[in-house]
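Spelled out, the chains give:
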Amino acid sequence: MEIIKILAEIIKQEMQLDNERVLIYNQKWNLPNTDDIFVYLAYLSESIFGNNRYYEDREDGYYEVQVLEKMTSISINIFSKNSTARERKEEIVFALNSTYSQQQQEKYGFKIHKIPSGFNDISELETSSMLNRFNITVDVINKVEKENIVEYYDKYELTTKNNL
């Protein structure tokens, strides 16, 4: 499962938000006309620190397993027209360090850094009112695996050609 989707689910669960209030950046989304909070997540960058390959002999064949280990920086934005985003912004950090989050990290094999690498007020004027918006950057250590069956030959048919 994609890391950003797991983080979105953790935040939604721990902050007790509806599905339409937590989303991933650049998805089709219509912003409802409400003053309450919304959270969206986006990829910022990835640093690869491991790229390995190994082989496994299984009952159904010989497999090449490739593993890419990386640190992914994810931007989490919380905003509202009212003061809710300002009052609840720390709950994102709490959510990512919760028991439910720890269970998801163990289930999917990744690690969220406990302290965000950035926490910024990015409030701005939106049409006629000020929008309370905060950005939190978190780093996640995760991996991607790819498996391919490796063709090999253990039986050979030999043919001999004689030239006279």
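The structure presented is a predicted model; accordingly, all values stated were derived computationally and were not measured.

**Student:** Help me get a handle on the pairing of strand S3 (residues 61–80), residues and values and all.
**Tutor:** With 15 of 20 residues buried, S3 lies mostly within the body of the structure. Turn length for the strand S2 (residues 38–58)-S3 hairpin, with the two strands adjacent in sequence and antiparallel, is two residues. Two strands pair when backbone bridges link them, and S3 and strand S7 (residues 129–149) are joined in this way by 18 bridges, in the antiparallel orientation. Bridge assignment links Lys70 to a residue of S7, and that residue is Asn142.

**Student:** Which residues make up the nonpolar core, and what values do they have?
**Tutor:** One finds Leu7, Val39, Leu41, Ile74, Ile76, Ile92 and Leu96 to be the most contacted residues of the largest nonpolar core, which totals 27 residues. Contributions of two or more residues to this core are made by helix H1 (3–15), strand S1 (22–24), S2, S3, helix H3 (90–96) and S7. It is H1 that contributes the most residues to this core, eight residues altogether. Those residues in contact with Ile92 that sit more than four places away from it in its chain are Ile11, Met15, Val39, Ile76, Ile78 and Ile136. In terms of nonpolar packing, the next biggest core, distinct from the first, is built from five residues, Leu23, Phe38, Tyr40 and Phe79 among them.

Reading the values: the criteria
- Residues numbered from 1 in each chain as written.
- Predicted model: local features only at pLDDT ≥ 70, side-chain atom pairs only at ≥ 80, totals over all residues.
- Heavy atoms only, no water.
- Buried < 20%, exposed > 50% of the residue type's maximum accessible area, 1.4 Å probe, protein only.
- Helix = DSSP H or I, 4+ residues; strand = E, 2+ residues; numbered from the N terminus.
- Pairing = 2+ DSSP bridges.
- Core = buried A, V, L, I, M, F, W, Y, C linked by side-chain atoms within 4.5 Å.
- Contact = heavy atoms within 4.5 Å.

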